[in-house]
Amino acid sequence: MQPLPGIRIRRLRLAGVSRNYDVDFTQDQRVRDLSVVAGAFSSGKTAVLEFIAYGLGGRRHPRHPEVLRKVRSCLLEVELSGEPHVIERPVGEPSKVAYVRRGTLGQPALSKAESRPIEPAGAPESLSALLLGHCKLEGVQLRERPSSRESRTDPLSFRDLMALAFLPNERIASMNFLFENEFMKKHKLKQVVDVVFGVHDDRAVELGQRIKELGARLNQARSELAAARAFVDEQDVPTVGPLLAQQYEGELLELTQQLQALDEAAQAGTTFAGRLRREHQQAAQRARRAAGVVRDCETQLARMMPLRAQYAEDLVKLNMLAEAQRLFDPLSVTTCPACLNRLPSPPSVENGSCSLCSHELPHGNGRLTLGAAHAEHSSDEGRLDVAAEVRATKARLKEITAYVEGLDASLAALKLRAEDASLAEERAAAAVDEATSPTVTPFLAARDNLQRRREEVLRHLQHAENATKLQAGLEKRAALVERQEAQIERLREELDRLGNAAQDRDLVVGRISGRYSELLRQWRYPKLSQPMIDTNLVPHVRGDSYREASSGARTLLTLAWQLAVFEVAVETSAAHPGFLMIDSPQKNLGHGATRDAVIADAIAIDDFYRHLTGWLAEQGTGAQVIIVDNSPPTLVEDNVVVRYSRNEERPPYGLIDDETTAEEDGHSQPTHPDQS
């Protein structure tokens, strides 16, 4: 049997801040038919399946603290109709967009990642439309009220289809397995089963609508392809094959290696000039120091000259002050202020009193100058000693003048020394050039030639890459046109077959019911009688609905129902994704406090796995089953892709294997995501 169309899971990668967390479902680059994720409770097993569902368009992902701390994006490597693709969605707040590119996680991208919105699911560019297209279900519409032909319709979403491809832990053994408590979900599940097997109501009308819708998309795709081809023809893009690009890359690598070898040879060929280089370096250092000394001297001169001029100006001002006091002293009185006649003698102190006014004075006799007595009463503070200031200013001016003259005298010698050092450096450089030029010149010429060739190869390689991208875009559009043409052709053939002999829904349900009974017999269901699935797809045993059975019995009944639908869909090439994920098939059969002793004693989990391995090797060739199980039997040990220990001494600890303890919140339990 050829590999089925649809979807196969190859690898899950949680891209973290400092590292990645991978789960690989391949062996020798091929998808395993049976993959088992094993390990202890609360180690992250269930999170593996939930992240796969999230990568396929699920609304949410596990939000455990270690996931939010460590993980930044979820990358899911899948096969879409046999061709590897990578689907990436950010982790944190559930993203509204997924990024899809061709290729695998272990190789560079074969195409630019395209953005695919999650909602609305019915949009032609959505992720759901892409996945449904590979399951032969693109464009399917479901009526909100199946009993009414005038009912409004909603597009089928891939999330609706996941009810047949993912059996989570909470649905196993549940009394709400078929969503009996949710009216709309119950009817939608029934519609999805009918759609997958092609036996739903108004099949012919629905096929006609899908053909019409796909025809419109095909016309648009053909127009876009024609426009792209016209653009490529106008640009005169040459046809470039991968071999030519590889040839340019090989030439570029070879030229780079030649340049490196040439540089090494040039360096080795000029080692003899090491002494001259050192002498040149020393001469250059001396020249820099001499030039620095000259700059410092000139800077000091530039700073001292204004300072010396300032002191000279201050000295002139002080001399003018002294002269003014001597020439224009208003305190020398020679004329009587009353009669304006010249006094016979200047005022003096006679017997302790002023000779002019006879006013008593505190000091003894002597010549009196106007204001002198008042000045004697005042403090000496604040009075300017002009003579002392003149002496101090002259001393500082003399020191600055001597320093400036010394700098000026040494500047000429320093300039000569700097010029000599510069000439010595030039001679040392010339000696190095003279010694190395005959050896280096051929290398330089060869290096220039290699560099020109390298630039030319780089230009050709860039043109080849651009041409390759344009050709890849054309091929992608052409493949889209071919795929849509094939889908329309297939739908037309199916419509023709419906016109001759419509498939009977009762036959499909009867086949599923027969497989359901067969599975229960193989699993040695206790006191098995009247096993069947009715027309509403409800499983029965012993004449009662599955809801009347015990918890362990419901585990077997729900597993049998899910596997029966999956196996019949695969064997009849129905529009099923082609993979099935089951979380905890041993629920109530041997683990936990809710263990159903009667069923667990009568049933062996080995029978469940023995049937799966046998069916996948024969009728189910090409299908894929992924199971999360705490303790799978030894007969499927080779199918275990990862086993989480929840023990630091036996890695891997869990899915996020570098998170082994809870945060310091007063609890000691591990924090790995798992609900199994």
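Residues numbered from 1 in each chain as written. Predicted model: local features only at pLDDT ≥ 70, side-chain atom pairs only at ≥ 80, totals over all residues. Heavy atoms only, no water.

Participant: Help me understand the pattern of salt bridges, please; the structure alone is not making it clear to me.
Facilitator: In this structure the tally under the stated criterion is 25 salt bridges. Between D658 and K70 there is a salt bridge whose closest N-O contact spans 3.6 Å. In this pair, D658 sits in the segment after strand 21 (640–644) while K70 sits in helix 2 (residues 65–70), placing the two residues 588 residues apart along the sequence. Relative accessible area serves as the criterion here: at 23%, K70 is assigned to the partly exposed category. Each of the salt bridges in this network shares a partner with another, and the network as a whole consists of R10, R11, D24, E77 and E79. (Salt bridge = Lys/Arg side-chain N within 4 Å of Asp/Glu carboxyl O. Helix = DSSP H or I, 4+ residues; strand = E, 2+ residues; numbered from the N terminus. Buried < 20%, exposed > 50% of the residue type's maximum accessible area, 1.4 Å probe, protein only.)

Participant: Would you mind going over the side chain of D629 with me for this structure?
Facilitator: Position of D629 relative to the elements: it lies in strand 20 (residues 624–629). The charged side chain of D629 is buried without a salt bridge, its nearest counter-charge being K45 at 7.8 Å. Here the side chain of D629 touches Y609 through a polar contact of 2.6 Å, side chain to side chain. Discounting chain neighbours no more than four positions away, the residues touching D629 are V36, V37, A38, G39, K45, P585, Q586 and Y609. (Lys, Arg positive; Asp, Glu negative; His and termini not counted. Polar contact = N/O pair within 3.5 Å; in protein donor to acceptor, adjacent residues only side chain to side chain. Contact = heavy atoms within 4.5 Å.)

Participant: Would you take a moment to explain unusual backbone geometry for this structure?
Facilitator: Both trends apply: most residues other than glycine have a negative phi, and most peptide bonds are in trans. Following E119, the chain continues into P120 via a peptide bond in cis, with omega recorded as -5 degrees. Locating P120 in the fold gives a position in the loop between strand 9 (114–117) and helix 3 (127–133). Between P651 and P652 the backbone carries a cis peptide bond, its omega angle lying at 0 degrees. One non-glycine residue, F179, adopts positive backbone phi at about 60 degrees. Mapped onto the secondary structure, F179 falls in the loop between strand 12 (166–167) and helix 5 (183–197). Look at F179 and you get buried, because its relative accessible area is 12%. Residues other than glycine seldom take positive phi values, yet R542 does so here, at roughly 55 degrees.

Participant: Mind showing me how you'd approach helix 1 (residues 45–55) here?
Facilitator: Among the 11 residues in helix 1, 11 count as buried, and that is most of the element. Along helix 1, the residues that are buried comprise K45, T46, A47, V48, L49, E50, F51, I52, A53, Y54 and G55. Of the residues trailing helix 1, G57 is marked for its positive phi of about 110 degrees.

Participant: Mind showing me how you'd approach the nonpolar core here?
Facilitator: Generally speaking, nonpolar side chains in soluble globular proteins are found buried as a group. Formed by 110 residues in total, the largest nonpolar core has its most connected members in I9, L12, I52, L56, F197 and F608. No other element matches helix 12 (residues 551–571), which puts 13 residues into this core. For I9, the contacting residues outside a window of four places in its chain are F25, V31, I52, L56, L76, E77, V78, F579, Q624 and I626. Of all hydrophobic cores here, the second largest spans 13 residues; its members include A290, C297, V404 and A418. (Core = buried A, V, L, I, M, F, W, Y, C linked by side-chain atoms within 4.5 Å.)

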